[in-house]
Amino acid sequence: MDTNLAYQEEPREELLHGKIYMMSSPTVNHNRVAFHIATAFQTHLKGKTCEAFTDGTDVYLTDDDRVIPDAMIICNKDIIRNDGIHGAPDLVVEVLSPSTAKNDKGYKKDLYEKSGVKEYWIVDTKLCSIEAYLLTDGKYRLDGVYQLPADDMIERERKFCKDIISTSLYPDFSISLKDIFYNLL
């Protein structure tokens, strides 16, 4: 048996309010959705000022808080360093997992708000939905809830489903939720 573990990645962890939280390996659906969003960001941002980053990049927000968002957009190149992002991204995307949902909707949402993240997306792979928050006067306000129509919805409910999301950073950017939630198991 090979006992040399040097080839293995270091465990994934976040530091929230000074406490270490181990991150489990994401599910296939989680990875697909995060990849689809990051790819759409990357494609749109090619040749523009802002840059897209994906899961695996550490973001240092305070001495007690280091997070690893699933996707993000950075417009201030001065906060990009080799070991991660040192400051607030302009947009952060968190794809919910059973083990992280409470923090993503609670502590991390508050942390992103206090840190000045302009836009925050909370993505739910089970409901095929995204809650988009915009920072206004230092507080997040819900800008919209985007959701693919579910099979069990009545026609009246389907009419209210917004299935294309855009970002406040680039008004000419939008992505269909069908493209985000494509090929889920």
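For the structure itself, consult the block above.
The rules we used
Residues numbered from 1 in each chain as written. Predicted model: local features only at pLDDT ≥ 70, side-chain atom pairs only at ≥ 80, totals over all residues. Heavy atoms only, no water. Disulfide = S-S within 2.5 Å. Helix = DSSP H or I, 4+ residues; strand = E, 2+ residues; numbered from the N terminus. Buried < 20%, exposed > 50% of the residue type's maximum accessible area, 1.4 Å probe, protein only.

1. Details of the state of the cysteines
In step 1: Going through the model one piece at a time under the given rule, you end up with one disulfide.
In step 2: Across the disulfide from Cys50 sits Cys75; the S-S distance is 1.9 Å. Here the disulfide of Cys50 and Cys75 is right-handed, its torsion about the S-S bond being about 100°. With Cys50 in the loop between α1 (28-45) and β3 (51-54) and Cys75 in the loop between β6 (71-74) and β7 (80-81), this pair connects stretches of sequence that are 25 residues apart.
In step 3: Of the residues examined, Cys50 reaches a relative accessible area of 7% and is grouped as buried.
In step 4: Residue classification places Cys75 among the partly exposed positions, given a relative accessible area of 22%.
In step 5: Free of any disulfide, Cys128 has its nearest cysteine sulfur in Cys161, 11 Å distant.
In step 6: Under the relative-accessibility criterion, Cys161 is labelled buried at 16%.

2. A word on helix α3 (residues 107-115)
In step 1: All buried positions along α3 are accounted for by Lys108, Lys109, Leu111, Tyr112 and Glu113.
In step 2: At the exit of α3 stands Gly116, carrying a positive phi of roughly 90°.

3. Digging into unusual backbone geometry
In step 1: At Cys128, a position not held by glycine, the phi torsion is positive, near 50°.
In step 2: Along the chain, Cys128 falls in the loop between β10 (119-124) and β11 (129-136).
In step 3: With relative accessibility at 18%, the residue Cys128 sits in the buried group.
In step 4: You will see that Asn183, though not glycine, has its phi angle at about 65°, which is positive.
In step 5: By the element assignment, Asn183 lies in the segment after α5 (177-180).

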